[in-house]
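Examining the three-dimensional arrangement
In case you want the letters, here they are:
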Amino acid sequence: MKIIKDRVAKLSFVALLITMTAAMFYAPTASAHGEKSQAAFMRMRTIHWFDLNWSADEVAVNDTMTISGKFHVFAGWPETVDKPEVSFLNIGIPGPVFIRAGSWIGGQLVPRSVSLELGETYEFKVLLKARRPGDWHVHTMMNVQGGGPIIGPGKWVTITGKMSDFVNPVTTLTGQTIDLEDYALDNVYFWHAVWFAIALAWVIFWIKRPIFVPRHIAVSTGKADSLISAGDKKVGMIFGVGTLVIVAASMGATNEKYPVTTPLQAGLLRGMKPYQMPEATVSVKVDDATYRVPGRAMQMTLTITNNGDSAVRLGEFNTAGVRFLDSSVHEDETGYPDDLLAEDGLSVSDNSPIAPGETRTVEVTASDAAWEVYRLADLIYDPDSRFAGLMFFWDENGNRQMTMVDAPLIPTFI
Ligand SMILES: [Cu+2]
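Predicted model only: the values in this text are computed from it and were never measured.

**Considerations on the sheet that holds strand S18 (residues 359-367)**
- The sheet built from five strands is open, its strands ordered S17-S18-S13-S12-S21 with mixed pairing. Each having just a single partner strand, strand S17 (346-348) and strand S21 (410-413) make up the two edges of the open sheet. Within the sheet, the average angular offset between the axes of one strand and its neighbour, ignoring direction, is 25 degrees.
- Pairing of S17 with S18, which is carried by three bridges, proceeds in the antiparallel orientation. Within S18, the residue paired with Ser-347 across the bridge is Thr-365.

**Regarding the environment of Gly-308**
- By the secondary structure assignment, Gly-308 is in the loop between strand S13 (297-306) and strand S14 (312-319).
- For the pair Gly-308 and Ser-12, spaced 296 residues apart in sequence, the C-alpha separation works out to 74 Å.
- Leaving out residues up to four positions away in the same chain, Gly-308 has contacts with Thr-281, Pro-356 and Gly-357.

**What to know about the packing of helix H3 (residues 185-207) against helix H5 (residues 230-257)**
- The geometry of H3 relative to H5 is characterised by a closest axis approach of 11 Å and an angle of 175 degrees between their N-to-C directions. Classified by the interaxial angle, the pair formed by H3 and H5 is roughly antiparallel. Contacts from Trp-191, Trp-195, Ile-198, Ala-201, Trp-202, Phe-205 and Trp-206 in H3 reach Asp-232, Val-235, Gly-236, Phe-239, Thr-243, Ile-246, Val-247 and Ser-250 in H5.
- A class-by-class count of the residues in the contact of H3 with H5 yields eleven nonpolar, three polar and one charged.

Conventions adopted
- Residues numbered from 1 in each chain as written.
- Predicted model: local features only at pLDDT ≥ 70, side-chain atom pairs only at ≥ 80, totals over all residues.
- Heavy atoms only, no water.
- Pairing = 2+ DSSP bridges.
- Helix = DSSP H or I, 4+ residues; strand = E, 2+ residues; numbered from the N terminus.
- Axes fitted to C-alpha atoms, helices over the stretch in contact; angles between N-to-C directions.
- Contact = heavy atoms within 4.5 Å.
- Parallel < 35°, antiparallel > 145°, perpendicular 65-115°, else oblique.
- Nonpolar A, V, L, I, M, F, W, Y, C, P; charged D, E, K, R; others polar.

Take a look at the structure:
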């Protein structure tokens, strides 16, 4: 009997080990961190990130890199997401593997929340300083108060070196240079330890004697006063007065050591300067848009009118960070994340140059695994089957113009 029990125990242990090992090895490299699970129509109808540029994809600890680009705040903002009147330009990383050394919208430093206007395009830049070695998927993102996180495209960036080498020097207005990585840390530890020790001493002073039953008996028999002696009262006074003295004295000493301090700086930044995109001379009308369920593509019937004076071709359709390109018109040179870039994902029934003044109706198919991988196909579960995206046209001289498209997106079933 015992042998069987031992065997069962041993086998269960082996099974547990196998399970744990398997779980450890089954750690699929996640290529998205949160955005996939968000409603597809929200990702398509809130903020459109484009022209993104990651200055490096490998940096050493203490080195910096920038992520820059533009984002368009879609005018047909969903009802269930509060308008981006209070928004914060964030970075999506697993904790401070980088620190954000600076972030700018329209050239203005934005350490606080900002007000964004629907329908406007803004230029942004984030300066990141590497802190923790590893492979990190770095996203630009916008937090919207009352709305949640709106996650931009993420790109893998490798940090090399040692975290212990990381420094974060800052020179204060009082002229002192400190390292924010460990500044005032000793002081925090010291004071927490001091107060914890005092509290502990107070407790120990009392629990040296029997705590519960004898005291309970004393109180219930009417001899409560006998439990606290004159000496106890003195110790109580010492602790009471001592605490006040330490608080007052250390407060005075702190004020002396740091005579200039300011309150926390806070408050919404308004009047963000939008980016003026060149006036689009191409107008696009979506006659019809569908996607097949299940499938990896969406189709649009577009009526394109070229009101400019140079022939144009459609080169890119961008929605929810996924870029569908027609490689015969435009090729990406920014090192855009592979899983979001469909280098030849855009096919246009007739993508010959559209002459000035010409109007043409074309069938456009945006097709790529990303449509499924990033669960844009999950629009079928959304309560609002509409899409929005950016269309980029290039003229004969290589000038680009952008137009927004926005229309219902109707599923078709087999
Ligand atoms: Cu990610």
